[in-house]
Amino acid sequence: ATHWLLAARAADLQGAVERRNDWLARAREAAADEPGPVLVTAAEMNLKRGALDAALEALQQLEKLGALNPRALLLLARVLRQRGDFDRLHDLEPKLRDARGVEPAQVDEIMDTLYVDMLKVATDRGGRAAVDAVWTEATRAARRRPPVVVAYARALAKHGDPAGATKALEGLLDDEWHEPAVQLYGEVDGGDGLARLRRAEDWLRARREDPTLLVACARLCVGAELYGKARSYLETSLALRPRAETAQLLAHLLERLGDRERALKVLHDGLAL
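Source: prediction; values computed, not measured.

K.L.:
Any chance you could break down the overall build of the protein for me, citing the residues and the numbers?
P.N.:
Helix and strand counts for the protein come out as 16 helices and zero strands. Its C-alpha atoms give the protein a radius of gyration of 25 Å, more than 25% over the compact-globule value 19 Å for 273 residues. Expressed along its principal axes, the backbone C-alpha trace of the protein runs to roughly 75 × 40 × 35 Å. Expressed as a percentage of its 273 residues, the buried residues of the protein come to 43%. Look at the contacts in the protein between residues 6 or more apart in sequence, and 50% of them connect residues 24 or more apart. Positive and negative side-chain charges in the protein, numbering 41 and 43 respectively, have mean positions lying 1 Å apart.

K.L.:
Go over unusual backbone geometry, please, and point to the residues and values.
P.N.:
The general pattern is negative phi for most residues beyond glycine and trans for most peptide bonds. You will see that Glu225, though not glycine, has its phi angle at about 60°, which is positive. Along the polypeptide, Glu225 turns up in the loop between helix H13 (211-223) and helix H14 (227-240).

K.L.:
Could you give an account of the environment of Thr41, with specific residues and numbers?
P.N.:
For Thr41, the location among the structural elements is in helix H3 (residues 36-48). Sequence separation between Thr41 and Ala55 is 14 residues, and the spatial gap between their C-alpha atoms is 9.4 Å.

K.L.:
Tell me about the environment of Ala230, and please be specific about residues and values.
P.N.:
Along the chain, Ala230 turns up in helix H14. Residue Ala230 is classed as buried on the basis of its relative accessible area, which comes to 0%. In this structure Ala230 touches Ala218, Cys221, Val222 and Leu253, once residues within four positions along its chain are discounted.

K.L.:
Tell me about the side chain of Asp112, residues and numbers included.
P.N.:
Looking at the element boundaries, Asp112 is found in helix H7 (residues 104-125). A polar side-chain atom of Asp112 sits 2.4 Å from a polar atom in the side chain of Arg145. Those residues in contact with Asp112, other than ones at most four positions away along the chain, are Arg145, Pro147 and Val148.

K.L.:
I'd like a description of the nonpolar core, backed by residues and values.
P.N.:
Grouped together as the largest cluster of nonpolar side chains are 80 residues, with contacts concentrated most on Leu59, Leu92 and Leu169. Of all the elements, H7 adds the most residues to this core, at nine residues. Aside from chain neighbours lying at most four places away, what touches Leu169 is Val150, Ala153, Ala181, Leu184, Tyr185 and Val188.

K.L.:
Please give an account of the packing of helix H10 (residues 162-175) against helix H11 (residues 179-187) that cites residues and values.
P.N.:
At a minimum axis separation of 10 Å, H10 and H11 run at an interaxial angle of 145°. Regarding H10 and H11, the two cross each other, and that crossing is left-handed. When H10 is examined against H11, the residues Thr166, Leu169, Glu170, Leu172 and Leu173 are found in contact with a partner set consisting of Ala181, Val182, Leu184 and Tyr185. Taken together, the residues that form the contact of H10 with H11 break down as seven nonpolar, one polar and one charged.

K.L.:
Any chance you could break down the packing of aromatic side chains for me, citing the residues and the numbers?
P.N.:
Two measures describe an aromatic ring pair: the distance that separates the ring centres and the angle between the ring planes. Enumeration according to the criterion identifies three aromatic pairs in this entry. On the basis of an interplanar angle of 5° and a centroid distance of 3.9 Å, the ring pair of Trp135 and Tyr152 is categorised as stacked. Taken as a pair, Trp135 in helix H8 (residues 128-137) and Tyr152 in helix H9 (residues 146-158) lie far apart in primary sequence, 17 residues in all. What makes Trp135 buried here is its relative accessible area of 18%.

K.L.:
Account for H8, with residues named and values stated.
P.N.:
Where H8 is concerned, the buried positions are Val131, Val134 and Trp135. One side of H8 carries all its buried residues, which in axial view fall inside an arc of 100°. Away from its buried face by more than 90 degrees, H8 exposes Ala129 and Thr136. Residues of H8 that are buried sit in contact with H7 and H9.

K.L.:
Outline the pattern of salt bridges, listing residues and values.
P.N.:
Inspection of the entire model under this criterion finds 24 salt bridges. Between Asp161 and Arg128 there is a salt bridge, with its nearest N and O atoms 3.1 Å apart. One end of the pair, Asp161, is in the loop between H9 and H10; the other, Arg128, is in helix H8, with 33 residues separating them in the sequence. Classification of Arg128 as partly exposed rests on a relative accessible area of 31%. For Glu170, the salt bridge is made with Arg199, and the minimal N-O distance between the two is 3.0 Å. Taken together, the residues Glu170 in helix H10 and Arg199 in helix H12 (residues 193-206) connect sequence positions 29 residues apart. What emerges from the salt-bridge pattern is a single network uniting Glu93, Arg97, Asp108, Asp112 and Arg145.

Rules used throughout
Residues numbered from 1 in each chain as written. Predicted model: local features only at pLDDT ≥ 70, side-chain atom pairs only at ≥ 80, totals over all residues. Heavy atoms only, no water. Helix = DSSP H or I, 4+ residues; strand = E, 2+ residues; numbered from the N terminus. Rg over C-alpha atoms; globule rule 2.2 N^0.38 Å. Buried < 20%, exposed > 50% of the residue type's maximum accessible area, 1.4 Å probe, protein only. Contact = heavy atoms within 4.5 Å. Lys, Arg positive; Asp, Glu negative; His and termini not counted. Charge placed at Lys NZ, Arg CZ, Asp CG, Glu CD. Polar contact = N/O pair within 3.5 Å; in protein donor to acceptor, adjacent residues only side chain to side chain. Core = buried A, V, L, I, M, F, W, Y, C linked by side-chain atoms within 4.5 Å. Axes fitted to C-alpha atoms, helices over the stretch in contact; angles between N-to-C directions. Left-handed = near helix turned anticlockwise from the far one by under 90°. Nonpolar A, V, L, I, M, F, W, Y, C, P; charged D, E, K, R; others polar. Phe/Tyr/Trp six-rings, centres within 6.5 Å; stacked < 30°, edge-to-face > 60°. Arc of directions from axis to C-beta. Salt bridge = Lys/Arg side-chain N within 4 Å of Asp/Glu carboxyl O.

Pasting the structure below:
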């Protein structure tokens, strides 16, 4: 069977799908008593080529045989996620948690991705009730993990609840510093911008050289029409970590302040980044 599997891998690398499938069929015949390696290999190859149905079929055969090893479980999670089969992926979590050889951090990442995907779908296609339903369904542990909290806060902000988004982000950032959460904190539109600015500046006392926090403070200053302060924050952030986005924000602010010549230079330097 090993010989046929090697031939199948070679055919797959050459893009010869029919020949690959023929070698896989021969390998399956040669290993009728132990089809696991052949089915896992078939699933991997089909997943790589985007043939999700074929990959799922191979893994389901393994599942019927009771032979879903850790490698196969992780493959199944990837296939289900790409198919958007959220319910089945959610139901797979206990098996992933119990599987020896699957690290808890791997399962956390898979489940974080699941809830983030579900929140995005609920945000785009549903309403506030759909967003809250996903958040309620998430485990307590998932509701503390940064990517999930950020996705939830983004959903709340989009559905007109900046106060709820702010509360979620502050709860996260008080416990764990997370750059995307800091960025979103400055971008949330609406709510008590001055209160958010005061909170961000409190964090800044302990993180004076955090370029993302400086940009967040600058955005909040612009919202409060504190343009001089915003300029200072953006210039400091740009000096600490040159980024095109920061340069663009500073250029727009400088143009608003009437310093067009400086704005053009900053924009030019930003484009060079």
